[in-house]
Amino acid sequence: MINTMLLLRRWVGDNLGSPAWLFLAAVAPLAAVAPLAAAVVPRRGARMYLDFHLRPLIKWMLPSLDPYVTIDISGKPRYSMDKIKSSDVDEEVKAYLSPMCARDALELDADGAADGDGVVLSPREDQEVSDVFKGVTVRWASVWPTREDSSQCLRLTFHQRHRDLVVGEYLPHVRHSGRDALLGNRRRRLYTNKTNDYSNKVWTYIDFEHPATFDTLAMHPEKKRKIMDELDDFRNSKDYYNRIGKPWKRGYLLYGPPGTGKSSMIAAMANYLSYDIYDIELTMVPNNTNLRKLFIETKGKSIIVIEDIDCSIDLTSHRRSDDTAAATASADRKRKRSSKMTLSGLLNFIDGIWSAHSGERIIVFTTNFVDKLDPALIRRGRMDMKLELSYCGYEAFMTLVKNYLDVDAHPLFSTIKDLLQEVEITPAEVAECLLMPNKERNEHGVEVCLGRLIDELRKRLQLDKEKKKRHEKG
Ligand SMILES: Nc1ncnc2c1ncn2[C@@H]1O[C@H](COP(=O)(O)OP(=O)(O)OP(=O)(O)O)[C@@H](O)[C@H]1O
Ligand SMILES: [Mg+2]
C-alpha cells in the first residue's frame, strides 16, 4: 500500500498538468484492490501483491503512467566465470546512504558491528530516502526483489528521462563515495581462507592490528627508504597505469631466513598504505577454480599474501636437499598431493585475472628458499621487486635497540658492531635478547639486555670458529 502511495505521489509530482492524468481514472479501480489485499494478507504479502500483480498490470496497460525506472542492488554474492561478484556494490551503496538514512528515515536497520565502532544505517522495509544529484531527485528503498527471495535489496527509483545521468554518473558516484566511506570508517582487516565456515563466504576476517611499521622495522635505512618511495609511487600512479593500459598492481617477493622480518614487512606495508591483507593459505585451496573464486572476492586497496610459497604447493623446480628439509618433505608432499592447485593455475592467477579488477592491489610472496622456486613464478613482470631480508646488521640493530630499550647510544654498541660483522644472527634473535622482562626494568636493565646480546654473539662466534676448524680438519 505504501509503495502504491509513494508511486502515486511521485507520479503526481512529476506529471502534474500532463494529459496522462486522464488515464489515472482508468487504473483507479485497480488501485482500490490494494487495501483489500492488505487486509486479507499480511503486510509483506500485500506489498508483494502490489509489486507483482498490480504494478506490472498498470505498466502494461499504460506505460506512461509509470515513467519510473527501478534498479535493484542485491547483497547476495553472485558468481560466474567472467563476472566479478556484485555484493561489494551493496555494501558501498549502504555506506553511501547511511548519512541520508540517519537524517531522513524513521525506521532503520543498523549494520556493521563487525567493522569496529561504527554502524551503517539502511532503510527498513517500505522506508524510503531521497537523494539529489545534479538537481535530479532519486529514491532508494528496501524491498524484496522477487517472490522467492529471502533477502531484501536496495531499490533505486528514478524518472526515465534521467536514465543516462543515473547510470552514467550517479551510480559510479555512489559506489566511489561509498567505497571511500567504507575504507575511511572501518578498521582494516586481515582476511584468511582458513575457514570452516560452510556459508557462501570464502574469506573470514579479524581486525588487523599488527603494530609493525616502517619505523619499527629493522633494516638498512636506505633500503627501507627505497621501499617506501616505491610504495608511494605505486599509490599515486593510478593515472599512469591507466594511460599505459596496465593493471594497477605490484608484485613483491620477500625472501630470507626465518626471523628476518618478512611477515613484519608485510604488516608494515599494510599499515603504511592503509590496506587490508588477504592471507591465502594455498594448502587450503583445493583447485584452480577455488583460487579464482578467492581472488574474485578480494577488494581493492589490499595486499594479497602467499607466505612460504615453497612449502605451500609443489611449485619448486627442485626439492630441497638439506637434512631438515628431507625430514619434513614427506609430510609436505602428502599435504600438497591433496591439492589440485597447479603452477599454471597460480601463474594465471597472478597475471591473467589482475586485469579483470580495478583498484590497486599488491601481491606478496614470501619464501626462505628463493633458489628453489620455479623461475616462471618469479620472472620479471610477475614479481616487480625481489627483496632480500637478511641477517641483522648494525643499522638494523640500532632500530631494534631504539624500539626495545629506547636508547640511541651506549658504550657497549661498538663491541656489538664488531661482533655483528662476524656473526650471522637474525633480527628476531636479537630482539629476543633485547626483551626486558619486568624484573629487569631498573637502572641496569639496558646493560643487562646488551650484555645478553653480546654473550649470545660471542657464543655463536665461538661455535662458528669450532665448526670451521672441524671442517678444515675433516
Ligand atoms: N627486520 C625486523 N625488524 C623488526 N623486528 C623483526 C625483524 N625481523 C624479525 N623481527 C622480530 O621477529 C619476529 C619474527 O619476525 P617475522 O615473523 O617478521 O619473520 P619472518 O621473516 O616472517 O620469519 P619466517 O620466515 O619464519 O616466516 C617479529 O615478530 C619481530 O618481533
Ligand atoms: Mg613469516
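Predicted model, so just to flag it, every value in this text is computed and none were measured.

Undergrad: Summarise the pairing of strand β10 (residues 276–279); cite the residues concerned and give the values.
TA: Pairing geometry for strand β7 (residues 189–192) and β10, over three bridges, is parallel. What sits directly across from T192, in β10, is D279. The sheet contact formed by β10 and strand β11 (residues 302–306) spans four bridges and is parallel. Residue pairing for β11: Y278 is matched across the bridge by I304. For the crossover from β10 across helix α10 (residues 288–296) to β11, the handedness is right-handed.

Undergrad: Account for the packing of helix α15 (residues 394–405) against helix α18 (residues 445–473), naming residues and giving values.
TA: It is the contact of α15 with α18, at a shortest axis distance of 12 Å, that shows an interaxial angle of 145°. Here the hand of the crossing between α15 and α18 comes out right-handed. Residues F397, V401 and L405 of α15 form the contact with α18, whose participating residues are V446, C449, L450 and L453. Within the contact of α15 with α18, the residues separate by chemical class into seven nonpolar, no polar and no charged.

Undergrad: So what about the environment of E388? Which residues, and what values?
TA: As for its placement among the helices and strands, E388 is situated in strand β13 (residues 385–388). Look at E388 and you get partly exposed, because its relative accessible area is 37%. Along the primary structure E388 and T260 are separated by 128 residues, whereas in three dimensions their C-alpha atoms are 9.2 Å apart. In this structure E388 touches K223 and Y255, once residues within four positions along its chain are discounted.

Undergrad: Mind laying out the sheet that holds β11, listing which residues take part and the relevant values?
TA: Where strands meet in a sheet, backbone hydrogen bonds hold them as pairs that are either parallel or antiparallel. If you trace the seven strands from one edge of the open sheet to the other, you get β8-β7-β10-β11-β12-β9-β13, paired in mixed fashion. Single-partner strands in this sheet number two, and they are β8 (204–207) and β13. Along the sheet, successive strands turn relative to each other by an average axial angle of 20°, direction set aside. Along the sheet, helix α13 (residues 343–350) makes contact with β11 and β12 (361–367), crossing β12 at roughly 145°.

Undergrad: Outline the packing of helix α16 (residues 413–422) against α18, listing residues and values.
TA: Interhelical geometry of α16 versus α18 gives an angle of 30° and a closest axis separation of 10 Å. On the basis of their axis angle, the class for α16 and α18 is roughly parallel. Crossing geometry of α16 relative to α18 is assigned as left-handed. Residues F413, T415, I416, L419, L420 and E422 of α16 lie in contact with α18, whose contacting residues are L450, L453, I454, L457, R458, L461 and D464. Within the contact of α16 with α18, the residues separate by chemical class into nine nonpolar, one polar and three charged.

Undergrad: Residue-level account of the site of ligand 1, with values.
TA: As a structural note, the neighbourhood of ligand 1 is formed by 16 residues, with A218, G259, K262, S263 and S264 the closest of them. Residue G259 places a main-chain N or O atom 2.9 Å away from an oxygen atom belonging to ligand 1. In the model, an oxygen atom of ligand 1 is placed 3.2 Å from a nitrogen or oxygen of the T260 main chain. With the chains in place, 72% of the 620 Å² that ligand 1 exposes on its own is no longer accessible. Among the secondary structure elements, those contributing two or more residues to the shell around ligand 1 are α9 (262–273), α15 and α17 (427–434). Among the elements that line the shell around ligand 1, the one with the most residues is α9, at three residues. Partitioning the shell around ligand 1 into residue classes produces eight nonpolar, seven polar and one charged. Split by domain, the shell around ligand 1 shows at least three residues from each of two domains, domain 3 (189–388) and domain 4 (394–473).

What counts, and where the lines are drawn
- Residues numbered from 1 in each chain as written.
- Chains lettered and ligands numbered in written order.
- Predicted model: local features only at pLDDT ≥ 70, side-chain atom pairs only at ≥ 80, totals over all residues.
- Heavy atoms only, no water.
- Pairing = 2+ DSSP bridges.
- Helix = DSSP H or I, 4+ residues; strand = E, 2+ residues; numbered from the N terminus.
- Right-handed = clockwise from strand over helix to strand, strands pointing away.
- Axes fitted to C-alpha atoms, helices over the stretch in contact; angles between N-to-C directions.
- Left-handed = near helix turned anticlockwise from the far one by under 90°.
- Contact = heavy atoms within 4.5 Å.
- Nonpolar A, V, L, I, M, F, W, Y, C, P; charged D, E, K, R; others polar.
- Buried < 20%, exposed > 50% of the residue type's maximum accessible area, 1.4 Å probe, protein only.
- Parallel < 35°, antiparallel > 145°, perpendicular 65-115°, else oblique.
- Near = heavy atom within 4 Å.
- Polar contact = N/O pair within 3.5 Å; in protein donor to acceptor, adjacent residues only side chain to side chain.
- Areas by Shrake-Rupley, 256 points an atom, 1.4 Å probe, with all protein chains shown as cover.
- Domains from an automatic or database assignment.

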